[in-house]
Amino acid sequence: MLIKNATFSISSPTVAQCPNDVKPEFAFIGRSNVGKSSLINMLCNHKGLAKTSSVPGKTLLINHFIINNEWYLVDLPGYGYAKRSKTVQDKLEQMIRSYILLRRQLVNVFVLIDVRHEQQRIDREFVDWLGESRIPFSIVFTKADKLGPVKARMNAKAWMDQLLDTWETLPPYFITSAEKRSGRDEVLDYIDSILKEVK
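Trainee: Please provide a residue-by-residue account of the pairing of strand β5 (residues 106–114), values included.
Mentor: β5 sits mainly inside the fold: nine of its nine residues count as buried. Here six bridges tie strand β2 (residues 25–30) to β5, and the two strands are oriented parallel to one another. Considered in β5, the bridge of Ala 27 is made with Val 109. Pairing geometry for β5 and strand β6 (residues 137–142), over six bridges, is parallel. Bridging across to β6, Asp 114 finds its partner in Thr 142.

Trainee: How would you explain helix α3 (residues 121–132) if you had to name every residue and give the values?
Mentor: Between its first and last C-alpha atoms α3 spans 16 Å; for 12 residues at 1.5 Å apiece the expected length is 16 Å, and the two agree. Its buried side turned inward, α3 meets β2, α2 (86–102), β5, β6 and α4 (149–162). Arg 134 lies just past α3 and shows a positive phi near 60 degrees.

Trainee: With reference to specific residues and values, describe the pattern of salt bridges.
Mentor: Scanning the model with the defined rule gives 11 salt bridges in all. The residue Arg 121 makes a salt bridge to Glu 125 at a minimum N-O spacing of 2.8 Å. Residue Arg 121 and its partner Glu 125 are located together in helix α3, separated by four residues, close to a single helical turn. Of the residues examined, Arg 121 reaches a relative accessible area of 66% and is grouped as exposed. A relative accessible area of 44% places Glu 125 in the partly exposed class. Within this structure, Arg 124, Asp 128 and Asp 165 form a network of salt bridges that share partners.

Trainee: Explain the packing of aromatic side chains to me, and be specific about the residues and the numbers.
Mentor: Tallied over the full model, the rule gives 11 aromatic pairs. An angle of 75 degrees between the planes, with centres 5.9 Å apart, marks the rings of Phe 141 and Trp 159 as edge-to-face. You can see Phe 141 sitting in strand β6 and its partner Trp 159 sitting in helix α4, a full 18 residues away along the chain. Look at Phe 141 and you get buried, because its relative accessible area is 1%. Linked through ring pairs, Phe 26, Phe 28, Trp 71, Phe 110, Phe 174 and Tyr 190 together constitute an aromatic cluster. Positioned above the aromatic ring of Trp 129 is the side chain of Arg 97, whose terminal nitrogen or guanidinium carbon lies 4.5 Å from the ring centre.

Trainee: Tell me about the environment of Gln 17, and please be specific about residues and values.
Mentor: Tracing the backbone shows Gln 17 in the loop between β1 (6–12) and β2. Exposure remark for Gln 17: the relative accessible area of 45% places this residue in the partly exposed category. Spatially, the C-alpha atom of Gln 17 lies 9.3 Å from that of Ile 62, the residues being 45 residues apart in sequence. The residues touching Gln 17, leaving out its near neighbours within four places in the chain, are Ile 10 and Ser 12.

Trainee: Please give an account of the sheet that holds β2 that cites residues and values.
Mentor: Taken together, seven strands build an open sheet; the order of strands is β1-β3-β4-β2-β5-β6-β7 and the sheet is mixed. Single-partner strands in this sheet number two, and they are β1 and β7 (173–175). The mean inter-strand angle of the sheet, taken between neighbouring strand axes irrespective of direction, is 25 degrees. The pairing of β2 with strand β4 (residues 71–75) spans four bridges and is classified as parallel.

Trainee: Residues and numbers for the environment of Pro 171, please.
Mentor: You can see Pro 171 is positioned in the loop between α4 and β7. On the basis of relative accessible area, Pro 171 is assigned to the buried category, the value being 9%. The spatial distance from the C-alpha of Pro 171 to the C-alpha of Leu 101 is 18 Å, given a sequence separation of 70 residues. Not counting residues up to four positions away in its chain, the partners in contact with Pro 171 are Phe 137, Ile 139, Met 160 and Leu 163.

Criteria and thresholds
Residues numbered from 1 in each chain as written. Predicted model: local features only at pLDDT ≥ 70, side-chain atom pairs only at ≥ 80, totals over all residues. Heavy atoms only, no water. Buried < 20%, exposed > 50% of the residue type's maximum accessible area, 1.4 Å probe, protein only. Helix = DSSP H or I, 4+ residues; strand = E, 2+ residues; numbered from the N terminus. Pairing = 2+ DSSP bridges. Expected span 1.5 Å × (residues − 1). Contact = heavy atoms within 4.5 Å. Salt bridge = Lys/Arg side-chain N within 4 Å of Asp/Glu carboxyl O. Phe/Tyr/Trp six-rings, centres within 6.5 Å; stacked < 30°, edge-to-face > 60°. Lys NZ or Arg CZ within 6 Å of the ring centre and 35° of its normal. Axes fitted to C-alpha atoms, helices over the stretch in contact; angles between N-to-C directions.

Take a look at the structure:
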C-alpha cells in the first residue's frame with residue numbers, strides 16, 4: 001500500500017464524539033512508552049504526524065488520522081501507566097473499552113508490544129479480553145532494532161507461543177522497528193488486505 005497523504009482529523013474525549021463517518025478504522029494501542037507514536041509516524045511516512053514524547057502516557061484522547069481519504073488510523077491512549085491517578089486511569093480505560101466495543105467502523109486493533117520484554121500480565125490480559133470480546137486484532141512487536149533480527153524473532157515467537165496455553169488459533173503478528181523502518185510493508189499490506197475485504 002502506498003500512503004499518499006495522512007492528516008490529523010480530530011481528537012475525541014469520548015466514542016460519541018468520534019467522526020460521524022463510515023470509513024474503516026484501524027486502532028493502535030499499547031502500554032505507555034511502547035513506541036506507538038514513532039511507529040505511526042513511520043507507517044505514514046510523516047515525521048510529526050503523531051506527537052512523540054519522552055514522557056510516557058501523553059495520549060489522553062482518541063486521535064483520528066485520515067489516510068488517503070479512504071480509512072482512519074486511530075491512536076488510542078496507552079494503558080497501564082502507573083503514574084496516572086486512579087481516577088484518570090479508570091476514565092481512560094472506560095474510554096478505550098467503549099471505543100473498542102461500540103465503534104462499528106473499527107475493523108482491526110493493532111496491539112503494540114515491546115519485543116525486548118517477556119510477556120507482561122497487563123498485555124496478556126488485554127489481548128485475552130480482545131479475544132473474549134471477539135474483536136479482530138493483531139500484534140505488532142516494536143523496537144526490534146534494540147535486539148537485532150534473530151533475537152527479536154526469537155522473543156516474538158516465545159511471546160506468541162505463550163498464548164497457546166489458552167488460545168487455539170494465534171492472531172497475526174508483525175515485528176517492526178520505527179528506527180530501521182522495518183516491518184512497514186508487512187503492516188501496510190495487512191491493512192490493505194483487510195480494506196479489500198470490507199469494501
